[in-house]
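Below, each chain spelled out in residue letters.
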Amino acid sequence: MTEFELLLEKATDFHGETCPGIVMGTRMTIAGLRELGMDPHTKTHDLIVYAEVDRCAVDAIQAITGVTLGRRSLKLMNYGIFAATFIDTGSGKAVRVSFLPPWPDQIQGMMEFGKTVRNAPEEEIFRIQEVSVTIPPEEKPGFPTRKNRCVRCGEQIMDGKEEILDQAPVCKKCAHGPYYGTV
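Residues numbered from 1 in each chain as written. Predicted model: local features only at pLDDT ≥ 70, side-chain atom pairs only at ≥ 80, totals over all residues. Heavy atoms only, no water.

Digging into the side chain of Thr-85
Reasoning step 1: Mapping Thr-85 onto the fold places it in strand E3 (residues 83–88).
Reasoning step 2: Here Thr-85 is in contact with Ile-48, Val-49, Tyr-50, Glu-52, Ala-94, Val-95, Arg-96, Val-131 and Val-133, once residues within four sequence places are set aside. (Helix = DSSP H or I, 4+ residues; strand = E, 2+ residues; numbered from the N terminus. Contact = heavy atoms within 4.5 Å.)

Laid out in structure tokens, this is it:
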């Protein structure tokens, strides 16, 4: 079994099926870790990944690298773009891997798309760029660096996510309205 097949199997087990997004995320992860000189089979606490989409590819990234939202090593910047930035916090090196769609007018259906993503040369489907990322202290893994309480609802706000309205801390829910409605 090749390294790609082994890592794809790991991502598939986590996600529940092999879909084009899992194939893409597996290839993105292999490329990102390779550029950082990291082994995909060795867990590291020096890795933070910024994902730019909330799709299947991120499950592959999470399954292979072990980064998670809960450990604050996976960050979601939902731009709706199949891209991820892999950061080695030990060295400070960061690389962004973004998907270049392979000629959509020539691809018929998800199965053919998945085969294209699986088999295309890396340089035809990905742009790999060394980038610079500054991670604020309140975004780093570990205990919250700052806690505040919303003056409107009384709920605790962590890690600098409050907004200041009328010189008082307010949570985003109270400042802009909740994503949910009450029944």
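Here we look at the nonpolar core
Reasoning step 1: Formed by 34 residues in total, the largest nonpolar core has its most connected members in Leu-47, Val-49, Phe-86 and Phe-126.
Reasoning step 2: Elements with a contribution of two residues or more to this core: helix H1 (3–15), helix H2 (20–36), strand E1 (47–51), helix H3 (56–65), E3 and strand E4 (94–99).
Reasoning step 3: At 8 residues, H2 tops the list of elements feeding residues into this core.
Reasoning step 4: Listed in part, the 5 residues of the second largest apolar core include Tyr-50, Ile-87, Ala-94 and Ile-135. (Core = buried A, V, L, I, M, F, W, Y, C linked by side-chain atoms within 4.5 Å. Buried < 20%, exposed > 50% of the residue type's maximum accessible area, 1.4 Å probe, protein only.)

Description of the packing of H2 against H3
Reasoning step 1: Axis separation between H2 and H3 bottoms out at 7 Å; the angle between their running directions is 45 degrees. Taken together, the axes of H2 and H3 lie oblique to each other. Read as a crossing pair, H2 and H3 show a hand that is right-handed. Residue-level inspection shows Gly-21, Ile-22, Gly-25, Thr-26, Thr-29 and Leu-33 of H2 in contact with H3, the latter providing Cys-56, Ala-57, Asp-59, Ala-60, Ile-61, Ile-64 and Thr-65.
Reasoning step 2: Its residues assigned to classes, the contact of H2 with H3 comprises 7 nonpolar, 5 polar and 1 charged. (Axes fitted to C-alpha atoms, helices over the stretch in contact; angles between N-to-C directions. Parallel < 35°, antiparallel > 145°, perpendicular 65-115°, else oblique. Left-handed = near helix turned anticlockwise from the far one by under 90°. Nonpolar A, V, L, I, M, F, W, Y, C, P; charged D, E, K, R; others polar.)

A word on the packing of aromatic side chains
Reasoning step 1: Summed over all chains, the structure comprises 3 aromatic pairs.
Reasoning step 2: An angle of 80 degrees between the planes, with centres 6.4 Å apart, marks the rings of Phe-82 and Phe-99 as edge-to-face. Placement of Phe-82 in the loop between strand E2 (74–76) and E3 and of Phe-99 in strand E4 is noted, with a sequence separation of 17 residues between them.
Reasoning step 3: Relative accessible area serves as the criterion here: at 27%, Phe-82 is assigned to the partly exposed category.
Reasoning step 4: Among the aromatic side chains, those forming a connected cluster through ring pairs are Phe-82, Phe-99 and Phe-126. (Phe/Tyr/Trp six-rings, centres within 6.5 Å; stacked < 30°, edge-to-face > 60°.)

Notes on the sheet that holds E4
Reasoning step 1: Across the sheet, which stays open at both edges, the 5 strands sit in the order E2-E1-E3-E4-E5 with mixed pairing between neighbours. For this open sheet the edge positions go to E2 and strand E5 (126–131), each flanked by a neighbour on one side alone. Shown here is a sheet whose adjacent strand axes are inclined to one another by a mean of 20 degrees, direction ignored.
Reasoning step 2: The sheet contact formed by E1 and E2 spans 3 bridges and is parallel. Bridge pairing in E2 links Val-49 to Leu-74.
Reasoning step 3: The strands touched by H3 are E1, E2 and E3; relative to E1, the strand with the most contacts, the crossing angle is about 175 degrees. (Pairing = 2+ DSSP bridges.)

Digging into H3
Reasoning step 1: For H3, the buried fraction is high: 7 of the 10 residues fall into the buried class.
Reasoning step 2: Every buried residue of H3 is listed here: Ala-57, Val-58, Ala-60, Ile-61, Ala-63, Ile-64 and Thr-65.
Reasoning step 3: Residues of H3 that are buried make contact with H1, H2, E1, E2 and E3.
Reasoning step 4: Once H3 ends, the next one or two residues include Gly-66, with phi positive near 85 degrees.

Examining H2
Reasoning step 1: The end-to-end C-alpha distance of H2 is 24 Å, a good match for the 24 Å that 17 residues give at a rise of 1.5 Å each.
Reasoning step 2: By the criterion of burial, H2 is predominantly enclosed, with 15 of the 17 residues buried.
Reasoning step 3: Where H2 terminates, the next one or two residues include Gly-37, which has phi positive at roughly 75 degrees. (Expected span 1.5 Å × (residues − 1).)

Shape descriptors only; they carry no functional weight alone.
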